[in-house]
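This is what each chain is made of:
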Amino acid sequence: MEKLLNELSSPRRAGVSLPELDVPPAEPLPLGFLREELSLPEVSQVDVVRHFVRLSQQNFAVDTVFYPLGSCTMKHNPKVNEEAAKMPGFMQVHPYQPEATVQGALRLIFELQEYLAEITGLDATSVQPAAGAHGELAGMLMVRAYHRSRGEGHRVRVLAPDSAHGTNPSSAAMSGYQVTVIGHDQQGNVDLAQLREAMGPDVAALMLTNPSTLGLFETHVEEICRVVHEGGGLVYGDGANMNALLGWAKPGELGFDVMHLNLHKTFSTPHGGGGPGGGPVCCRDFLAPFLPGPVAALRDGGGDTLKKPPFSIGRMRSFYGNFLVLVRAYAYIRSLGPDGLREVAENAVLNANYLQHRLKEAFDLPYTRHCMHETVLSASRQKEQGVRAWDIAKRLIDYGFYPPTVYFPLIVQEAMMVEPTETESKETLDAFAEAMLAIAREAVEDPDMVRGAPHTTRIGRLDEAAAARKPKLCWG
Ligand SMILES: *Cc1c(COP(=O)(O)O)cnc(C)c1O
């Protein structure tokens, strides 16, 4: 077992040697700022390097292992995107530079806005929001501003299916709305009868994800949009699952009025440990005046400029959003082109169905129809053996895979939500399927061993809630 840094410590050992002082020494720090006892390890440079490189390798990343985290679209991030984002003309621009000197950057934003509008079948885009949930908040604030502008501030309710991502009701609530939950039918679709009943003159919008978080195409989507529109409501689309539809279906043509996209999912920009993301919001033309701004626009007489839409809900973020994330998404779209994007969705759906087919005997499959970009299995059979979805997820780590999403969506018992993405080969999918099938056998033959997993990591199970709420961020 590797030694910790403090175990390697030896008095007066140092990681750097400074040259002789050739300037007058500075005033020493005031005594009040100095500590007598500071128990830092005294170690060599190579010990420090090995320590941190080893720590970095104890983590899972999409660049090291298959990462089928459902609802997150953890696809490979093509390195050509990084090359584009590294170009000095993009990397070194400053948001306060005169407009004339950043024409290329503005043109990139403008073209990305247009591409995203084309892909979604909508009319206008703002790339300001920095994450999916941030885009949802922007979209719902636009819905509110739109209704108020028409003297319809009495619309105080938002409808959301029970399969919705938790961010949907949260975004509605943060925009000042009451949320009414709509149930699902036996096929996993929105329950139309419940929707009709819940619809009323006080409803501002329905928030809908298609494909749903069950990984299923909402077959009544046009009828759902019709019911909401007839009641004077708008339809918000959660576009986080757009990987399944690219080039095949346009949400604008299905009836959606406003939606967000996740650049860090569908458009292959890194998720990066909660780091910078992109959640552009796209909408129909009647909502465009409310978009968060500024947005990139063509200048009269040629060139590109920034404009604040006339009734803008305001800024969601400083400047233009995460600009280098936009560069990466732009590079992805341009390098694939329309046919390439179509193939992305085709292979994402094919890969998910392949895994669904290989795993459906060993695990329960609550909704048996073809899935879209992800499949939701259930460990309820294994639970009878005392092995839960949670245990299967931990055991997968021993097999060298990142675990799928578990216990979401909430409407499936012991849910295991597997999203392989289009970037994985058949060999990788087969290796994952074999591991899952082996774990299903282990659950019968040696359930205690599965419950004790992971066995190959430095530490076993963590208290994840405490780790998130009371993180220990200091050494020692
Ligand atoms: C990921 C996801 C979101 C939220 O996106 P963030 O970028 O994580 O804020 C919303 N809805 C669905 C369906 C998602 O999968």
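One can find the structure itself at the top, above this paragraph.
Notes on the structure follow. (Residues numbered from 1 in each chain as written. Predicted model: local features only at pLDDT ≥ 70, side-chain atom pairs only at ≥ 80, totals over all residues. Heavy atoms only, no water.)

### Topic: helix α9 (residues 221–230)
Using the following cut-off: Exposure is judged per residue with a 1.4 Å probe applied to protein chains only, and the accessible area is read against the type maximum: over 50% gives exposed, under 20% gives buried, and values in between give partly exposed. By the criteria applied, helices consist of DSSP H or I runs no shorter than four residues and strands consist of E runs no shorter than two, each listed in order from the N terminus. Arc definition: it is the arc formed by the directions from the helix axis to the C-beta atoms. By definition in these notes, contact holds between two residues if any of their heavy atoms fall within 4.5 Å.
Residues of α9 that are buried include every one of V221, I224, C225, V227 and V228, and no others. Seen from one end, α9 has its buried residues packed into an arc of 160 degrees, which puts them on one side. Those residues of α9 that are exposed and aimed more than 90 degrees away from the buried face are E222 and E230. Looking at the buried positions of α9, the neighbouring elements they touch are α8 (192–198), β4 (203–209), β5 (234–238) and α10 (251–254).

### Structural notes on the side chain of D191
Definition in use: Charge assignment in this entry is limited to Lys and Arg as positive and Asp and Glu as negative, and neither His nor the chain termini are counted. Salt bridge, as used here: a side-chain nitrogen of Lys or Arg that lies within 4 Å of a carboxyl oxygen of Asp or Glu. Pairs of N or O atoms are called polar contacts if they sit within 3.5 Å, as long as, within protein, a hydrogen donor faces a hydrogen acceptor (for residues adjacent in sequence, only side-chain-to-side-chain pairs).
Secondary-structure assignment places D191 in the loop between β3 (178–182) and α8. Buried within the structure, D191 lacks any salt-bridge partner; its nearest side chain of opposite charge belongs to R196, at an N-O separation of 7.5 Å. Polar contacts involving the side chain of D191 include one to the main-chain amide nitrogen of Q194, which spans 3.1 Å. Excluding anything up to four places from it in sequence, D191 contacts I182, G183, H184 and D185.

### Looking at the site of the ligand
This is how the line gets drawn: Each residue is tested against the molecule or strand, and it is near if at least one of its non-hydrogen atoms lies within 4 Å. A 1.4 Å probe and the Shrake-Rupley method give the accessible areas. Residues count as covered only by the protein chains that appear here. Think of it as three bins: nonpolar holds Ala, Val, Leu, Ile, Met, Phe, Trp, Tyr, Cys and Pro, charged holds Asp, Glu, Lys and Arg, and polar takes everything else, Gly as well.
Close to the ligand lie S71, A131, G132, A133, E136, H165, T167, D238, A240, N262, H264 and K265. In this structure, N262 approaches the ligand through a side-chain N or O atom, which is 3.0 Å from an oxygen atom. For the ligand, whose unbound accessible area comes to 390 Å², protein coverage reaches 86%. A breakdown of the residues in the shell around the ligand according to their chemical character gives 3 nonpolar, 6 polar and 3 charged.

### Observations regarding the sheet that holds β4
So the rule is basically this: Here, strands pair whenever DSSP counts at least two bridges between them. Every angle, taken between N-to-C directions, lies between 0 and 180 degrees, and every axis is a line fitted to C-alpha atoms, over only the stretch in contact when it is a helix.
Here we have 7 strands laid out as an open sheet, ordered β1-β7-β6-β5-β4-β2-β3, and mixed in their pairing. Each edge of the sheet is formed by a strand with only one pairing partner; in this case those strands are β1 (124–126) and β3. Going across the sheet, the axis of each strand differs from the next one's by a mean of 20 degrees, ignoring polarity. Of the pairings in the sheet, the one linking β1 to strand β7 (residues 281–283) comprises 3 bridges and is antiparallel in character. The residue of β7 that forms the bridge with T125 is C282. Across the face of the sheet, helix α5 (residues 103–120) comes into contact with β1, β6 (258–260) and β7 while running at roughly 125 degrees to β1. Lying over the sheet, helix α7 (residues 167–174) contacts β2 (157–161), β3, β4 and β5, oriented at roughly 155 degrees with respect to β4.

### Let's talk about the packing of aromatic side chains
To keep things clear, this is the line we draw: Note on ring pairs: Phe, Tyr and Trp rings are taken, using the six-membered ring of Trp, and paired if centres are within 6.5 Å. Classes follow the plane angle, with under 30 degrees stacked, over 60 edge-to-face and the rest tilted. Geometrically, a charge over a ring is one whose NZ (Lys) or CZ (Arg) sits within 6 Å of the ring centre while staying within 35 degrees of the ring normal.
Evaluated as defined, the whole model comprises 12 aromatic pairs. Positioned above the aromatic ring of W248, the side-chain terminus of R342 is 3.8 Å from the ring centre. Its guanidinium or amino end placed over the ring of W390, K394 lies 4.9 Å from that ring's centre, counting from NZ or CZ.

### Remarks on unusual backbone geometry
Note: most residues except glycine have negative phi, and most peptide bonds are trans. A cis geometry characterises the amide bond from G293 onward to P294, with omega recorded as 10 degrees. With respect to the element layout, P294 can be found in the loop between β7 and β8 (295–298). That bond from F408 to P409 is cis: its omega, 0 degrees, falls within 30 degrees of zero. For P409, the position within the fold is in the loop between β11 (405–406) and β12 (415–418). The backbone of S71 sits at a positive phi, close to 75 degrees, despite the residue not being glycine. Here S71 lies in the loop between α2 (45–57) and α3 (79–86). Notably, T73 is not glycine yet its phi reads approximately 45 degrees, a positive angle. Mapped onto the fold, T73 is located in the loop between α2 and α3. Residue class for T73 comes out buried when judged on its relative accessible area of 1%.

Geometry only, nothing functional implied.
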